[in-house]
Amino acid sequence: MTHDEILSWLRQTDPARLARLWREADAVRQEHVGGDVHLRGLIEFSNRCVRLCGYCGLRAANTKVERYRMSADEIMQCARLAVRLGYGTVVLQSGEDPGVTRDWMAELVRRIKGETPLAVTLSLGERDEADLAAWRAAGADRYLLRFETSNRALYDRIHPPRDGQTSDRLTLLGVLRRLGYEVGSGVMIGIPGQSYDDLARDIELFAALDLDMIGVGPYLAHPDTPLADPRDMPLLLPDDEQVPASEEMTYKVIALARLACPRANIPATTALATLNGTDGRELGLERGANVIMPNVTPPQYRVHYEIYPNKACLAETAETCGRCVAARIEAIGRAVGVGPGPSPNYLKDSR
Ligand code: 5AD
Ligand code: FES
């Protein structure tokens, strides 16, 4: 796909033509990753964060958040629950939390890999190469780090670096690849200041990075963040250039990501389910996605992991979400994947 083709799909409003995009993405998904929907048990194990992302409710300056970090034993219990619920992978996600030390995390990964058959995906933000290497050596299989937007000026505006450092997620994605991780990234859709041109470039960058996993979801304003306040948004664009943070735009990006990266694993995300709790995930799965990440975080912690407001499944338990997700997958005639379900893109060359 050329830049202009991607752009014209992103601007397409004709339902009949869009139906063609959905069909194509669904066919490419079936051909390259099959009909199975892989489940990843998401453990949001720490909401502590030292960063000041302009969009995220967990930013360090948000004093309204009650902070927690689960113990290694609590996390092991979640991992065992994920096994019982039939999931082949756990995703360990946290804010950028220096209390999550290299050694503590490495030991935890070793325990999960030693005591369960699970694949382990880490989503811990921007960490030193030595940390990433130690966790890989401990057995971690995959790492998720969204680049959020390919527009550098917009990225800098919404994602201030730590003191005296630069934030270069693209370089880190290269480091992860070199360390042998299965590599995932992605963007938010409809960030204030994000143009159609930016979003088209994001999709081109998915392909250029040869991503194994691609997570995308709508930007959802959190009232206790700077980005929610229009006075703090100097990158305001004219209406016909600003990407809407809409459900339909999310499906377009899922479908185009599938066409750009046929063998990637692509989730129907919680942010999408937050926009449309009725059948958002199902429509995502029918328009290019092949993964769902049901939450296995204990309810008493999950309510405090408020990246954005009204997150789907906030009041649910791991068991409820497990049953719900399986029923939704079967209702659209697909099967729940068995085993760790790596991306065929990763398997294609033994990196
Ligand atoms: N709306 C939507 N997605 C968000 N994320 C963070 N804050 C928000 C928000 N307000 C996404 C980012 C991050 C991922 C873990 O959650 O893309 O990488
Ligand atoms: Fe959590 Fe449906 S996935 S209730």
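Please refer to the structure placed before this passage.
Residues numbered from 1 in each chain as written. Chains lettered and ligands numbered in written order. Predicted model: local features only at pLDDT ≥ 70, side-chain atom pairs only at ≥ 80, totals over all residues. Heavy atoms only, no water.

**Side note on the overall build of the protein chain**
Next up, step 1: Helix and strand counts for the protein chain stand at 14 helices and 8 strands.
Next up, step 2: Computed over the C-alpha atoms, the radius of gyration of the protein chain is 19 Å, within 12% of the 20 Å expected from 2.2 N^0.38 for a compact globule of 351 residues.
Next up, step 3: Along the three orthogonal principal directions, the C-alpha set of the protein chain runs to about 50 × 45 × 40 Å.
Next up, step 4: Looking at the protein chain residue by residue over its 351 residues, the buried ones come to 54%.
Next up, step 5: Taking the contacts inside the protein chain whose residues are at least 6 apart along the sequence as the reference set, 79% of them involve residues at least 24 apart.
Next up, step 6: Working note: accessible area of the protein chain is about 14200 Å², and carbon and sulfur atoms make up 52% of it. (Helix = DSSP H or I, 4+ residues; strand = E, 2+ residues; numbered from the N terminus. Rg over C-alpha atoms; globule rule 2.2 N^0.38 Å. Buried < 20%, exposed > 50% of the residue type's maximum accessible area, 1.4 Å probe, protein only. Contact = heavy atoms within 4.5 Å. Areas by Shrake-Rupley, 256 points an atom, 1.4 Å probe, with all protein chains shown as cover.)

**Quick notes on the side chain of Arg334**
Next up, step 1: Positionally, Arg334 belongs in the loop between helix H13 (318–331) and strand E8 (335–336).
Next up, step 2: Although Arg334 is buried, it makes no salt bridge; Asp26 carries the closest opposite charge, 4.2 Å away.
Next up, step 3: Within the structure, the side chain of Arg334 is placed 3.3 Å from the backbone oxygen of Ala289, a separation counted as a polar contact. (Lys, Arg positive; Asp, Glu negative; His and termini not counted. Salt bridge = Lys/Arg side-chain N within 4 Å of Asp/Glu carboxyl O. Polar contact = N/O pair within 3.5 Å; in protein donor to acceptor, adjacent residues only side chain to side chain.)

**Comments concerning helix H5 (residues 129–138)**
Next up, step 1: Asp131, Leu132, Trp135 and Ala138 are the residues of H5 that are buried. For H5, the angular spread of the buried residues around the axis is 125°, confining them to a single face.
Next up, step 2: Its buried side turned inward, H5 meets helix H4 (102–115), strand E3 (119–123), strand E4 (142–144) and helix H7 (169–178).
Next up, step 3: After H5 finishes, the residue Gly139 shows a positive phi value of roughly 120°. (Arc of directions from axis to C-beta.)

**Some words on the site of ligand 1**
Next up, step 1: Neighbouring residues of ligand 1: Tyr55, Cys56, Gln93, Arg146, Glu148, Met188, Pro218, Tyr219, Leu220, Ile307 and Tyr308.
Next up, step 2: Note that a nitrogen atom of ligand 1 is positioned 2.9 Å from one of the backbone N or O atoms of Tyr55.
Next up, step 3: The separation between an oxygen atom of ligand 1 and a polar side-chain atom of Arg146 is 2.9 Å.
Next up, step 4: For ligand 1, whose free accessible area comes to 410 Å², the fraction covered by protein is 86%.
Next up, step 5: A breakdown of the residues in the shell around ligand 1 according to their chemical character gives 8 nonpolar, 1 polar and 2 charged. (Near = heavy atom within 4 Å. Nonpolar A, V, L, I, M, F, W, Y, C, P; charged D, E, K, R; others polar.)

**Re the environment of Gly288**
Next up, step 1: Inspection of the secondary structure assignment puts Gly288 in the loop between helix H11 (280–285) and strand E7 (291–292).
Next up, step 2: Non-local contacts of Gly288, meaning those with residues more than four positions away in its chain, are made with Ala25, Arg29, Ile254, Arg258 and Ile266.

**Notes on helix H8 (residues 196–208)**
Next up, step 1: In a regular helix each residue adds 1.5 Å, so 13 residues correspond to 18 Å; H8 covers 18 Å between its end C-alpha atoms and thus fits that length.
Next up, step 2: Those residues of H8 that sit buried are Tyr196, Asp198, Leu199, Ala200, Asp202, Ile203, Leu205 and Phe206.
Next up, step 3: Lining the buried residues of H8 we find helix H1 (3–11), H7, strand E5 (182–189), strand E6 (213–218) and helix H9 (247–260).
Next up, step 4: Taken from the residues just after H8, Asp210 is the one with a positive phi, measuring 55°. (Expected span 1.5 Å × (residues − 1).)

**Some remarks on unusual backbone geometry**
Next up, step 1: Phi at Glu148 takes a positive value of approximately 70°, unusual for a residue other than glycine.
Next up, step 2: Examined against the element boundaries, Glu148 turns out to sit in the loop between E4 and helix H6 (152–158).
Next up, step 3: Even without being glycine, Asn310 reaches a positive phi, approximately 60°.
Next up, step 4: Within the element layout of this structure, Asn310 appears in the loop between helix H12 (299–302) and H13.

**Looking at the packing of H8 against H9**
Next up, step 1: Where H8 contacts H9, the axes come no closer than 9 Å and their chain directions differ by 35°. In this structure, the crossing between H8 and H9 has a hand that is right-handed. Packed against H8, whose contacting residues are Tyr196, Leu199, Ile203, Phe206 and Ala207, the element H9 presents Met249, Val253, Leu256, Ala257 and Ala260 at the interface.
Next up, step 2: By residue class, the composition of the contact of H8 with H9 is 10 nonpolar, no polar and no charged. (Axes fitted to C-alpha atoms, helices over the stretch in contact; angles between N-to-C directions. Left-handed = near helix turned anticlockwise from the far one by under 90°.)

**Remarks on the packing of H1 against H9**
Next up, step 1: Between H1 and H9, whose axes approach to 9 Å, the crossing angle comes to 150°. Judged by the angle between their axes, H1 and H9 are roughly antiparallel. Like other packed secondary-structure pairs, H1 and H9 cross with a definite hand, here right-handed. Of the residues in H9, those touching H1 at Ile6, Trp9, Leu10 and Arg11 are Met249, Lys252, Val253 and Leu256.
Next up, step 2: In terms of residue class, the contact of H1 with H9 is made up of 6 nonpolar, no polar and 2 charged. (Parallel < 35°, antiparallel > 145°, perpendicular 65-115°, else oblique.)

**Here's the deal with the packing of aromatic side chains**
Next up, step 1: A full pass over the atoms with the stated rule returns 5 aromatic pairs.
Next up, step 2: Arg136 extends its terminal NZ or CZ atom over the ring of Tyr181, reaching a point 5.7 Å from the ring centre.
Next up, step 3: When the ring centre of Tyr251 is taken as origin, the NZ or CZ atom of Arg287, which lies over that ring, is 4.8 Å away. (Phe/Tyr/Trp six-rings, centres within 6.5 Å; stacked < 30°, edge-to-face > 60°. Lys NZ or Arg CZ within 6 Å of the ring centre and 35° of its normal.)

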